[in-house]
Amino acid sequence: MRTDRAELSSKIKKLKSVVPAKTNRPEMQGILVQDGYLTASNMELTVRARTDGAGGEAFMIPSKAFDLINNLPDGEVEIMPGRNQDAYTILIRMEKIRNRYQVMDPSLFPLPAADHCEGNEEFTVDGGSLITSMKRVSFAVSASDGNPVLKTLCLHAAGGTLNFVGSDGHVMAWDRMDFDGEFRMLIPRAAVDRLVSMGIKGQVSIRHNGTSAIFVSDEYEVYTRIVSGEYFRYQDIFGELRLHTVISRTELLDAMTRAKMCTEEKCPVKFAMDSFQLRLSIRDRVTDYEETLELQEEMSEPLTIAFDAGLVLETLKAFGCDNVGLSFDSPKMPMIVEAEDSDFRAVVLPVVVG
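Note that the structure is predicted; figures quoted are calculated from it, not measured. (Residues numbered from 1 in each chain as written. Predicted model: local features only at pLDDT ≥ 70, side-chain atom pairs only at ≥ 80, totals over all residues. Heavy atoms only, no water.)

## Some details on the nonpolar core
Ranked by size, the top nonpolar core spans 99 residues in total, and within it Leu 155, Met 185, Phe 215, Met 256, Phe 271, Leu 280 and Phe 328 carry the most contacts. By residue number, the principal contributor to this core is helix α7 (residues 309–318), which donates 6 residues. Setting aside chain neighbours within four positions, we find Met 256 in contact with Val 269, Phe 271, Leu 280, Ala 309, Val 312, Leu 313 and Leu 316. (Core = buried A, V, L, I, M, F, W, Y, C linked by side-chain atoms within 4.5 Å. Buried < 20%, exposed > 50% of the residue type's maximum accessible area, 1.4 Å probe, protein only. Helix = DSSP H or I, 4+ residues; strand = E, 2+ residues; numbered from the N terminus. Contact = heavy atoms within 4.5 Å.)

## A look at the pattern of salt bridges
Using the criterion set out here, one finds 22 salt bridges in the structure. Two residues, Arg 242 and Asp 329, come together in a salt bridge whose shortest N-O distance is 3.5 Å. With Arg 242 in the loop between α5 (234–237) and β17 (243–248) and Asp 329 in the loop between β22 (323–328) and β23 (335–339), this residue pair connects regions lying 87 residues apart in the sequence. Assessed through its relative accessible area of 48%, Arg 242 is described here as partly exposed. Across the pair Glu 291 and Arg 258 runs a salt bridge whose closest N-O atoms are separated by 2.7 Å. Of this pair, Glu 291 sits in strand β20 (residues 288–294) while Arg 258 sits in helix α6 (residues 249–261), placing them 33 residues apart in sequence. (Salt bridge = Lys/Arg side-chain N within 4 Å of Asp/Glu carboxyl O.)

## Thoughts on the packing of aromatic side chains
For the structure on display, the rule yields 8 aromatic pairs. Ring plane angle 90 degrees and centroid distance 5.9 Å describe the contact between Phe 179 and Phe 183, whose orientation is recorded as edge-to-face. Accessibility classification places Phe 179 together with Phe 183 in one group, the buried group. An aromatic cluster of three or more residues is present, and its members are Phe 123, Phe 179 and Phe 183. Across from the ring centre of Tyr 37, 4.0 Å away, lies the NZ or CZ of Arg 48, which sits over that ring. The ring of Trp 174 carries Arg 176 above its face, with NZ or CZ at 5.4 Å from the centroid. (Phe/Tyr/Trp six-rings, centres within 6.5 Å; stacked < 30°, edge-to-face > 60°. Lys NZ or Arg CZ within 6 Å of the ring centre and 35° of its normal.)

## Details of the sheet that holds strand β13 (residues 183–188)
If you trace the 8 strands from one edge of the open sheet to the other, you get β13-β10-β11-β12-β24-β23-β22-β17, paired in antiparallel fashion. Two strands bound the open sheet, and with one partner strand each, they are β13 and β17. Looking at each pair of strands side by side, their axes are set apart by 20 degrees on average, direction ignored. In the sheet, strand β11 (residues 161–167) pairs with strand β12 (residues 171–178) via 7 bridges, with the strands oriented antiparallel. By the bridge assignment for β12, Ser 167 is matched with Met 172. Packed on one face of the sheet, helix α4 (residues 189–198) meets β10 (152–158) and β13 and runs near 85 degrees to β13. (Pairing = 2+ DSSP bridges. Axes fitted to C-alpha atoms, helices over the stretch in contact; angles between N-to-C directions.)

So, in structure tokens, the structure goes:
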């Protein structure tokens, strides 16, 4: 295999997070090179990246070689597979640099089945729009909750719309794009994170069955399991609320950041809104922070409501627009945050304070 070192290193960086650090399957602790692809897998998630310069022979690049390849000088690198008695090896060679590794038998590497999702409907979406919506919503997907459904992003296509929904039980995010088709599947957060991190462009084809799905672009293929279970009736959660205003997202985000950095404890932030003003405050045993912000639309009646400060910060960071709409009903009902430039919106549950 002869290929550009920088290109190979870039692909390895995008795949190496899939390679398990600890496993009872040592053949998976590396990247397989075969049939013009680099492949990494942890059994639940498999990612493949097209690569140039690979010959017909399959071989493994072990995880301990990743840093060496990343730190080689720019130019063409050569990787040569070989065998030493019963051991498989690769030789990495570039100019005056050479190093030989003992590697696993590449035939032991678990590749996805050739007929993965065969016979199921295939549909195509714009990769840029797909990744943008996944990225917006993924902040709300739980990373640690015991409920497996909360650790998924829901893709739900119906009525000419593809919906993207994530929730950790305290905040819920929802985005959507035009799409002609019908399906529903729950994608694990790990697969969503990989799709987002790879920066997929162009058209993406998606096939799925009851247990797994494939996302395929010109450069990458992502194979993931589908989580079983029923998702929340998210449309009902994003109902019309009777109180509404608009505020500068950047001003509110900056104020929240200042308030949060003054605290030593996890404590709620209070929003006291009246007419065209929002008085933001955080208090704990060492801090009594207060800042007043201007609202762009008048609140029809005063309202004081409290939220987990960290949730509000993460929610505001997920938006990219200048201004956001805020909707409320009562101190015990959620806040709905809406983008001014897209269909993206989020629900944040309040907290009860004395």
